Amino acid sequence: MVEIKTPEQIAKMRAAGLVVAEALKACREAVAPGVTTGELNDIADQVIAKHGATSNFRADHGGLWFPGVICASVNEEVVHGIPGDKVLKAGDLISIDCGAILDGWHGDAAITVAVGATADENLMLSKVTEGSMWAGIAQMKKGNRLVDVSRAIEGYIRRQPLPPKGKWGITEGYGGHGIGTAMHMEPHVLNYVAGRGKGPKLVPGTVLAIEPMVSLGTPHTTILEDDWTVVTTDGTWASHWEHSVAVTEQGPLVLTAFDGGRAELAKLGVTAAPDPLG
Ligand code: MG
Ligand code: MG
């Protein structure tokens with residue numbers, strides 16, 4: 001059931017991933033007090049259009065239309081925040097999720113950015129979430145099973161010292177996914193180990209979006225009246241990081257990172273695959 005890509009198809013996914021990387025970089029650079037989430041959306045929209053790509057977010061999702069090319073989730077919002085009139089203020093923590101389709105192939109990635117100076121626990125929250133994503137990505141190696149990715153993400157979070165206020169809540173009910181000719185494909189990628197199933201074997205050509213979501217409190221969420229915005233049930237703030245990653249014969253290739261994941265994976269003793277686009 002898992003779509004396996006040829007090296008040529010992975011090269012096309014790399015091109016789509018680079019559009020997403022550029023859109024998120026532009027958004028990150030624009031985050032500041034006084035900026036609205038709608039303005040960030042417009043910035044990403046322009047990058048996507050500039051490359052002749054289209055948005056896989058601004059689309060119908062199972063009968064529910066999403067109006068943005070990014071999800072902008074601020075503070076207690078975990079994922080799927082709708083960009084609009086909300087004005088960012090100093091101390092906020094925003095997660096920006098963006099995707100694009102280029103030549104029929106999908107990319108999907110997310111970052112968390114502090115708006116101006118924010119509390120230490122928020123910075124720790126973002127660092128722990130990002131670190132858990134890289135721990136999961138480092139397991140995207142031929143011969144591993146899907147559960148190795150989930151276990152690495154959860155294990156990383158559980159090993160971190162607790163923040164000065166709160167604890168680490170790994171969001172339940174949401175996770176990563178296969179990606180390729182569609183944005184959301186088999187398999188679902190849990191950010192923790194549940195049950196005894198090991199999941200499919202990771203073979204070259206497997207491409208997954210790895211996307212941990214962590215809060216400073218509860219793992220539980222609810223959806224707001226807008227039918228989209230996912231918030232923590234206890235109001236604690238959350239972080240979301242994501243990359244689209246290919247398993248290749250030569251190691252993991254992070255399609256949505258400018259350097260293919262080389263620098264971060266090297267810190268973990270893992271060699272990233274060479275960039276098929278050079
Ligand atoms: Mg995403
Ligand atoms: Mg995703």
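Owing to the predicted nature of the structure, the values given are computational and were not obtained by experimental measurement. (Residues numbered from 1 in each chain as written. Chains lettered and ligands numbered in written order. Predicted model: local features only at pLDDT ≥ 70, side-chain atom pairs only at ≥ 80, totals over all residues. Heavy atoms only, no water.)

Section: the overall build of the protein chain
Scanning the protein chain from terminus to terminus reveals 5 helices and 16 strands. Relative to the compact-globule value of 19 Å for 278 residues, the protein chain shows a C-alpha radius of gyration of 17 Å, a close match. Across its three principal axes, the protein chain shows a C-alpha extent of roughly 45 × 40 × 35 Å. Across the 278 residues that make up the protein chain, the buried fraction comes to 54%. (Helix = DSSP H or I, 4+ residues; strand = E, 2+ residues; numbered from the N terminus. Rg over C-alpha atoms; globule rule 2.2 N^0.38 Å. Buried < 20%, exposed > 50% of the residue type's maximum accessible area, 1.4 Å probe, protein only.)

Notes on the coordination of the magnesium ion (ligand 1)
Protein coordination of the magnesium ion (ligand 1) is provided by Asp97 (OD), Asp97 (OD), Asp108 (OD) and Glu242 (OE), with donor distances spanning 2.0 to 2.5 Å. When the donors of the magnesium ion (ligand 1) are listed by position in the chain, the intervening gaps give D-x10-D-x133-E. (Donors = N, O, S within 2.8 Å, 3.2 Å for Na, K, Ca; no water.)

Here's the deal with the packing of aromatic side chains
Within the structure shown, the criterion is met by 1 aromatic pair. On the basis of an interplanar angle of 85° and a centroid distance of 5.1 Å, the ring pair of Phe66 and Trp228 is categorised as edge-to-face. Placement of Phe66 in the loop between β2 (64-65) and β3 (70-74) and of Trp228 in the loop between β12 (221-223) and β13 (230-232) is noted, with a sequence separation of 162 residues between them. You'll find Phe66 and Trp228 in the same group, each marked buried. (Phe/Tyr/Trp six-rings, centres within 6.5 Å; stacked < 30°, edge-to-face > 60°.)

Things to note about the side chain of Lys5
Residue position: Lys5 is located in the segment before α1 (7-30). There is a polar contact of 3.0 Å between the side chain of Lys5 and the side chain of Glu3. Residues contacting Lys5, with those up to four places away along its chain left out, are Ile10, Met13, Trp105, Ile179, Gly180, Gly205 and Val207. (Polar contact = N/O pair within 3.5 Å; in protein donor to acceptor, adjacent residues only side chain to side chain. Contact = heavy atoms within 4.5 Å.)

Observations regarding the coordination of the magnesium ion (ligand 2)
The magnesium ion (ligand 2) binds to the protein through Asp108 (OD), His177 (NE2), Glu211 (OE) and Glu242 (OE); the donor distances cover 2.1 to 2.2 Å. Counting along the primary sequence, the residues that act as donors to the magnesium ion (ligand 2) give the motif D-x68-H-x33-E-x30-E. In this structure the magnesium ion (ligand 1) is found 3.2 Å away from the magnesium ion (ligand 2), and Asp108 serves as a bridging donor for the pair. Here Asp108 is found in strand β6 (residues 105-114), whereas its partner Glu242 is found in the loop between β14 (238-240) and β15 (243-248), with 134 residues between them in sequence. There is no split in this pair, since Asp108 and Glu242 are both buried.

Some points on the nonpolar core
Formed by 56 residues in total, the largest nonpolar core has its most connected members in Leu40, Ile94, Ile96 and Ile210. Aside from chain neighbours lying at most four places away, what touches Ile94 is Val31, Thr37, Leu40, Ala72, Ser73, Val74, Leu88, Ile111, Thr112, Val113 and Val115. (Core = buried A, V, L, I, M, F, W, Y, C linked by side-chain atoms within 4.5 Å.)

A short note on unusual backbone geometry
Glycine aside, residues mostly have negative phi angles, and peptide bonds mostly take the trans form. Glu186 connects to Pro187 through a cis peptide bond whose omega is -5°. Phi is positive for Asn75, close to 60°, though the residue is something other than glycine. Checked against the element boundaries, Asn75 lands in the loop between β3 and β4 (77-79). By relative accessible area, which is 6% here, Asn75 ends up buried. At Asp227, a residue that is not glycine, the phi angle is positive and equals roughly 75°. Its place among the elements puts Asp227 in the loop between β12 and β13. Among the residues examined, Asp227 registers a relative accessible area of 47% and is labelled partly exposed.

Brief notes about α1
Spanning 24 residues, α1 covers 35 Å between terminal C-alpha atoms, matching the ideal 34 Å at 1.5 Å per step. For α1, the full list of buried residues reads Ile10, Ala11, Met13, Arg14, Ala16, Gly17, Val19, Val20, Ala21, Ala23, Leu24 and Cys27. (Expected span 1.5 Å × (residues − 1).)

A closer look at the sheet that holds β13
Taken together, 3 strands build an open sheet; the order of strands is β4-β13-β12 and the sheet is antiparallel. On the outer flanks of this sheet lie β4 and β12, each paired with one strand and no other. The sheet shows a mean angle of 40° between the axes of neighbouring strands, direction not considered. Direction of pairing for β4 relative to β13: antiparallel, over a ladder of 2 bridges. By the bridge assignment for β13, Glu77 is matched with Val231. (Pairing = 2+ DSSP bridges. Axes fitted to C-alpha atoms, helices over the stretch in contact; angles between N-to-C directions.)

Some remarks on the packing of α1 against helix α2 (residues 37-50)
In a pair of packed helices, the angle between the axes and the distance between the axes together describe the arrangement. In the contact formed by α1 and α2, the axes pass within 9 Å of each other and the chain directions differ by 150°. With respect to their mutual orientation, α1 and α2 come out roughly antiparallel. Every pair of crossing elements has a handedness; the one defined by α1 and α2 is right-handed. Between α1 and α2, the contacting residues are Val19, Glu22, Ala23, Ala26, Cys27 and Ala30 on the first element and Leu40, Ile43, Ala44, Val47, Ile48 and Lys50 on the second. The residue makeup of the contact of α1 with α2, split by class, is 10 nonpolar, no polar and 2 charged. (Parallel < 35°, antiparallel > 145°, perpendicular 65-115°, else oblique. Left-handed = near helix turned anticlockwise from the far one by under 90°. Nonpolar A, V, L, I, M, F, W, Y, C, P; charged D, E, K, R; others polar.)

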